[in-house]
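Coordinates in review
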Amino acid sequence: MAKVLMKGNEAMALAAIKAGLDAFYGYPITPQNELPEYLSKQMPLHGRAFVQAESEVAAINMVYGAAGAGARVMTSSSSPGIALKQEGLTYIAGAELPAVIINVMRGGPGLGGIQPSQADYKQITRGGGNGDYYLYSLAPESLQEAVDLIKESFDIADYFRNPVMIAVDGLIGQMMEPVDFEREVPKWDLKPKTWAADGNRKNRKKNIINSLYLDPNDLENHNLKLKAKYDEMRDKHQRYEMINMENAEIVIVAFGSTSRISRTAIELLKEEGINCGIIRPITIYPFPQNAFNEIPESVKNILVVEMNLGQMVDDVKLHVQGRLPVHFYGRVGGIVPEAEEISDQVKKIVGGTYE
Amino acid sequence: MSNVKTVYKKSEGLSDFHLSYCPGCTHGVIHKLVAESLVELDLLDRTIGISSVGCSALNYDFFSCDMQQAAHGRAPAVATGIKRVKKDAIIFTYQGDGDLASIGIAEAIHAAARGENITIVFVNNAIYGMTGGQMAPTTLPGQITTTSQNGRDPETQGLPLKISELMATIPGATYVERVSVHDPKHVFKAKKALKKAFEIQRDKKGFSLIEFISTCPVNWGMTPKGAVDWAVDNLIPYYPLGVYKDKTEGIE
Ligand SMILES: Cc1ncc(C[n+]2csc(CCOP(=O)(O)OP(=O)(O)O)c2C)c(N)n1
Ligand code: SF4
């Protein structure tokens, strides 16, 4: 099929419909409003469920309900709304249910601003709510990648029986880009949802969806079972892209919009004879630690670029383990770093004048 | 033994789990009524119950239908999420007064406002049972609880919320009734109300809430009999029994 020119938020909504979305529950917040707005029209036309909930808390608990009944269900929000959704997310992870959450990030703390940001990195990658759990979290850098990953994310959620978060920033939500909705995405090997409490008990035993384990031994076993999933994510399902690594003397680590801008930055640097690579995490949970074992000998420095004041940089340091100096450059408040700013940072480091 | 007849047996809507409730607590009676109503209406196989947070949190084990456990106060949102994708399932929430009238008041009101075709079983025992007897939004003026040790003071702690009266004002609600289970006559009436609520849901006529006046002998510091008497003498006068709304009968 030909490419269609669409606004980011609407394209992400359509991708979810293509993936077989049964239900969407959300609450308005900028900069993701076009997503639920689009679905409010499209879902009823497809005979599927759409509810504008009374709050993000209610929306995510509706997601929990529908997921427990075996439906393909999604919500979307932006940073302060995601904070409110943490209650439901920990229940969804605890009860081992699949769901997809789109987070079109904006700046904080508090009400913050409505411009693009990556300041939810820790909120996303540390679980976010109470207890030991994680969200499989994907951070696309373009609209096409967002659409492809959203289409696949429902399979990933079903496979792991775990929530999947799509982390984009306002830039991707608001941009217009041509997108091909029919591109093939990997199909996961999925089992029927025989565990669902779907009110169809006729020929089976009752099903229970639950995250309560009052016996400490039971809860420990449950926690270990969840950990096995996170281990599998880490061991088999890290995703990342290594860009321009051959003979690179420095490597930028950046995800989402910042990695895209970094692509322009390394072209500027090439013109000045500086060979700069990029490690682009596609999964931010599991963190693509394997990428750091593949860094060539030629690399002498690492620069982490984020639209926050230094969040992913901690994970980079954890996995570089002191083998190389790790530098950081970030812009906040909704200010998107320019390619020139990034290339200037690289030049400072390469020139040895980085403070 | 051939002329032994079964005149009473446990409803098949209940599992073989031992109920976790204290002796004399009326949660058990309410469970029995919910189970019997679903069985008698032949709805059990397509029912999904939502457990909430409170003494009844574990009732996903007690009912023999499909069950989903919800976060504190969120049961009506969970019920909404399910009902919108399983329109033919029968969905009930089972919620205490801390769960529904305090932390979950928004979810309850908005489920009613949307006219969700679900049934809320609301258990008002005027206290937080599970956490050890703290004040609830339904605690009576002067009532002593662990967080109103001098008696609930309306000056600083306000007056109790009347949930049935409140829910009846919501245009989207179809059927709201307050019942009690303090004697056999009222148990019968309560069951009639529950069955009606499930019939309304089965017939896709909308939102129903049945409020049960219930006891908490342990945290009220009373004997089971004393607790029932206290409910009759104190709770029912403040929370009058009856139908507060029934669109199917033109009562608004
Ligand atoms: C978010 C959250 N806050 C607080 C609690 C602690 N908590 C458990 S039960 C309960 C009160 C339940 O009281 P009620 O709804 O009246 O039910 P009852 O136990 O009286 O049947 C509270 C506050 C919790 N589990 N989760
Ligand atoms: S604490 Fe109160 S409400 Fe809870 S089971 Fe015991 S008597 Fe019933």
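What you are looking at is a predicted structure, and each value in this text was computed from that prediction instead of being measured.

Time to look at the site of ligand 1. Taken together, 15 residues lie near ligand 1, and B:Cys55, B:Asp97, B:Asp99, B:Gly129 and B:Met130 sit nearest. With three residues, the single largest contributor to the shell around ligand 1 is helix α3 (residues 97-103) of chain B.

The next point concerns the pattern of salt bridges. Residue and element names in this part refer to chain A. For the structure on display, the rule yields 45 salt bridges over all chains. A salt bridge links Asp 158 to Lys 193, with the shortest nitrogen-to-oxygen separation between them at 3.1 Å. Of this pair, Asp 158 sits in helix α6 (residues 143-160) while Lys 193 sits in the loop between β8 (176-179) and β9 (208-209), and the two are 35 residues apart along the sequence. Judged by relative accessible area, which is 24%, Lys 193 ranks as partly exposed. Of the charged contacts, one joins Lys 227 and Asp 231 as a salt bridge, the two residues approaching to 2.8 Å between their closest N and O atoms. Residue Lys 227 and its partner Asp 231 are both found in helix α8 (residues 216-236); the two are separated by four residues, about one turn of the helix. Since its relative accessible area comes to 43%, Lys 227 is described here as partly exposed. Bridged by salt links that share partners, the residues Glu 141, Glu 145, Glu 241, Arg 263 and Arg 280 form one connected network.

Time to look at the packing of helix α1 (residues 8-18) of chain A against helix α2 (residues 34-45) of chain A. Residues and elements named next belong to chain A. Here α1 crosses α2 at 45°, and the two axes come no closer than 7 Å. In terms of orientation, α1 lies oblique with respect to α2. Of the two elements, α1 crosses α2, and the hand of that crossing is right-handed. For the pair formed by α1 and α2, the contact residues are Asn 9, Glu 10, Met 12, Ala 13, Leu 14 and Ile 17 on the first element and Glu 34, Leu 35, Tyr 38, Leu 39, Gln 42 and Met 43 on the second. By residue class, the composition of the contact of α1 with α2 is eight nonpolar, two polar and two charged.

On to the interface of chain B and chain A, then. The partner chain A presents 36 residues to the 34 residues of chain B that form the contact. The three residues of chain B that bury the most area against chain A are B:Asp45, B:Asp66 and B:Gln68, which together make up 23% of that side's buried surface. At the junction of chain B with chain A, the criterion picks out five salt bridges. Across the pair A:Arg201 and B:Asp45 runs a salt bridge whose closest N-O atoms are separated by 2.4 Å. Where chain B meets chain A, there are 18 residue pairs in polar contact (both at pLDDT 80 or more). Elements with a minimum of two residues in the side of chain B that touches chain A: β1 (47-51), β2 (66-69), α2 (75-83) and α4 (105-113) of chain B. Sorting elements by how many residues they give to the side of chain B that touches chain A places α2(B) first, with five residues. Grouping the constituent residues of the side of chain B that touches chain A by class yields 17 nonpolar, eight polar and nine charged. Bridge count between β9(A) and β2(B): two bridges; the pairing is parallel.

In this section: the packing of aromatic side chains. The description of two aromatic rings rests on the distance between their centres and on the angle between their planes. Residues and elements named next belong to chain A. Tallying each qualifying case throughout the model produces 16 aromatic pairs over all chains. Ring plane angle 80° and centroid distance 6.0 Å describe the contact between Tyr 64 and Tyr 91, whose orientation is recorded as edge-to-face. Here Tyr 64 is found in helix α3 (residues 56-68), whereas its partner Tyr 91 is found in helix α4 (residues 79-94), with 27 residues between them in sequence. With respect to class, Tyr 64 is no different from Tyr 91; both count as buried. Aromatic side chains Tyr 134 and Tyr 230 sit 5.3 Å apart centroid to centroid with 85° between the ring planes, which places their arrangement in the edge-to-face category. Pair noted here: Tyr 134 is in the loop between α5 (121-125) and β6 (136-138) and Tyr 230 is in helix α8, with a separation of 96 residues, a long-range link. Residue class for Tyr 230 comes out buried when judged on its relative accessible area of 5%.

Next up on the list: α8(A). Residue and element names in this part refer to chain A. The terminal C-alpha atoms of α8 lie 30 Å apart, and with 21 residues this matches the ideal 30 Å at 1.5 Å per residue to within 8%. Buried within α8 we find His 222, Leu 226, Lys 229, Tyr 230 and Met 233. Projected onto a plane normal to the axis of α8, the buried residues spread over an arc of 90° and lie on a single side. In α8, the exposed positions angled more than 90 degrees off the buried face are occupied by Pro 216, Asn 217, Asp 235 and Lys 236. Buried residues along α8 sit against α4, β6, α6 and β13 (283-285). Between the side-chain oxygen of the N-cap and the backbone nitrogen of Asn 217 there are 2.7 Å, and the N-cap of α8 in question is Asp 215.

Let us look at the site of ligand 2. Surrounding ligand 2, one finds B:Tyr21, B:Cys22, B:Cys25, B:His27, B:Cys55, B:Asn125, B:Gly129, B:Cys216, B:Pro217 and B:Asn219. Residues belonging to the shell around ligand 2 are distributed by class as follows: six nonpolar, four polar and no charged.

All names here are of chain A. The domain architecture assigned to chain A consists of domain 1 (4-236) and domain 2 (240-350). Distance between the C-alpha centres of domain 1 and domain 2: 28 Å. The interface of domain 1 with domain 2 comprises 33 residues on the first partner and 27 residues on the second. Summed over both sides, the interface of domain 1 with domain 2 buries roughly 2,500 Å², with 52% coming from carbon and sulfur. Of all residues in domain 1, the largest losses of buried area upon contact with domain 2 belong to Gln 118, Tyr 121 and Glu 141, amounting jointly to 34% of the total for that side. Inspection of the region where domain 1 meets domain 2 yields 20 residue pairs in polar contact (both at pLDDT 80 or more). Elements with a contribution of two residues or more to the side of domain 1 that touches domain 2: α5, β6, α6, β7 (163-169), α7 (170-174) and α8. Looking at the side of domain 1 that touches domain 2, the element that brings in the most residues is α5, giving four residues. Across the side of domain 1 that touches domain 2, the residue classes break down as 19 nonpolar, six polar and eight charged.

Rules and cut-offs
- Residues numbered from 1 in each chain as written.
- Chains lettered and ligands numbered in written order.
- Predicted model: local features only at pLDDT ≥ 70, side-chain atom pairs only at ≥ 80, totals over all residues.
- Heavy atoms only, no water.
- Near = heavy atom within 4 Å.
- Helix = DSSP H or I, 4+ residues; strand = E, 2+ residues; numbered from the N terminus.
- Salt bridge = Lys/Arg side-chain N within 4 Å of Asp/Glu carboxyl O.
- Buried < 20%, exposed > 50% of the residue type's maximum accessible area, 1.4 Å probe, protein only.
- Axes fitted to C-alpha atoms, helices over the stretch in contact; angles between N-to-C directions.
- Parallel < 35°, antiparallel > 145°, perpendicular 65-115°, else oblique.
- Left-handed = near helix turned anticlockwise from the far one by under 90°.
- Contact = heavy atoms within 4.5 Å.
- Nonpolar A, V, L, I, M, F, W, Y, C, P; charged D, E, K, R; others polar.
- Buried area = accessible area lost by both parts, 1.4 Å probe.
- Polar contact = N/O pair within 3.5 Å; in protein donor to acceptor, adjacent residues only side chain to side chain.
- Pairing = 2+ DSSP bridges.
- Phe/Tyr/Trp six-rings, centres within 6.5 Å; stacked < 30°, edge-to-face > 60°.
- Expected span 1.5 Å × (residues − 1).
- Arc of directions from axis to C-beta.
- Domains from an automatic or database assignment.

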